[in-house]
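Commentary on secondary and tertiary structure
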Amino acid sequence: MEYAVEMYNVSTAYPKSNDVALSNINLTVLQGDFVLITGPNGAGKTTLLELIIGFLKPLRGALYVLGLKMPENRMRVRRMCGYVMQNFMKPPETPYTALEVVLMGLAPFKKPFDGLSEWEKDLVENVLQLLGIDNIIDKPFGTLSGGQQQRIMLARALIRRPKLLLLDEPFSSIDRESRREFAELLYDIRNSYKTTILVVSHDTEPLEDLVDGIIKLKDGHIVDEKWTS
Ligand SMILES: Nc1ncnc2c1ncn2[C@@H]1O[C@H](COP(=O)(O)OP(=O)(O)OP(=O)(O)O)[C@@H](O)[C@H]1O
Ligand SMILES: [Mg+2]
């Protein structure tokens, strides 16, 4: 089996900070796994995702993402990943429609002003339908509700057909009743596309019985780890 993420004794800190944000992390995630990362505020959850995507460098230890050594291969790794950040909410005057925001997901793969190919159009249509957002796609992005914006950002990540999908608090703007549905959608995405998914969430309940592993962080350490398989 191949690994999506391998961390061996990894520690990291933010630039100009004296505090270690993650300390001595050992974690391996198999390709195709669906993993929940949880823990209190300041535990290091976002830091863990930023390390994986190469926004931060390991200070010590060894990190491989999709089999590639980091941070040396961060540009290659980023092309194969989808990352939905924790705080992406945009002001109402954001000058893009929802569809334009979704299509930005393909920008790294295209030359400026290149149109969409036929299969890309099909892909976009399928993803919009899957997420139930095909009816709001012409609206200005900033006027959508938080939950709708979250679905748009997920669509933007999915049209990149990522091997690894990193989601930071994807439930934060989604009402309690819809969280389970959203969690099941992620589960279906993993099953259909074999995408490895790492979800950071305070709210573990909607995901607990769907994921392959639950990693609990606190004060920059892994304090608990449960795997079903
Ligand atoms: N840009 C930054 N510069 C310096 N320190 C930072 C920065 N971002 C986070 N930290 C520190 O790193 C540690 C981990 O923060 P992180 O954002 O990973 O926590 P988190 O688990 O995602 O918390 P939350 O649940 O609030 O999102 C904290 O001590 C925080 O103060
Ligand atoms: Mg965070």
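Up top is the structure these notes are about.
Summarised in this report is the structure supplied together with it. (Residues numbered from 1 in each chain as written. Chains lettered and ligands numbered in written order. Predicted model: local features only at pLDDT ≥ 70, side-chain atom pairs only at ≥ 80, totals over all residues. Heavy atoms only, no water.)

Some remarks on the side chain of Asp33
You can see Asp33 is positioned in the loop between β2 (20–30) and β3 (34–38). Despite being buried, Asp33 has no salt bridge partner; Arg190 is the closest side chain of opposite charge, sitting 5.1 Å away. Excluding residues within four positions of it along the chain, Asp33 makes contact with Arg190, Thr195, Thr196, Ile197, Asp212 and Trp227. (Helix = DSSP H or I, 4+ residues; strand = E, 2+ residues; numbered from the N terminus. Buried < 20%, exposed > 50% of the residue type's maximum accessible area, 1.4 Å probe, protein only. Lys, Arg positive; Asp, Glu negative; His and termini not counted. Salt bridge = Lys/Arg side-chain N within 4 Å of Asp/Glu carboxyl O. Contact = heavy atoms within 4.5 Å.)

Quick look at the pattern of salt bridges
In this structure the tally under the stated criterion is seven salt bridges. Between Arg179 and Asp203 there is a salt bridge; the shortest N-O distance is 2.8 Å. Of this pair, Arg179 sits in helix α6 (residues 176–193) while Asp203 sits in the loop between β8 (196–200) and β9 (213–218), and the two are 24 residues apart along the sequence. In this structure, Arg179 and Asp203 share a single accessibility class: buried. A salt bridge links Arg190 to Asp212; the shortest N-O distance between them is 2.8 Å. With Arg190 in helix α6 and Asp212 in the loop between β8 and β9, this pair connects stretches of sequence that are 22 residues apart. Considered together, Arg190 and Asp212 belong to a single accessibility category, that of buried residues. Bridged by salt links that share partners, the residues Arg176, Arg179 and Asp203 form one connected network.

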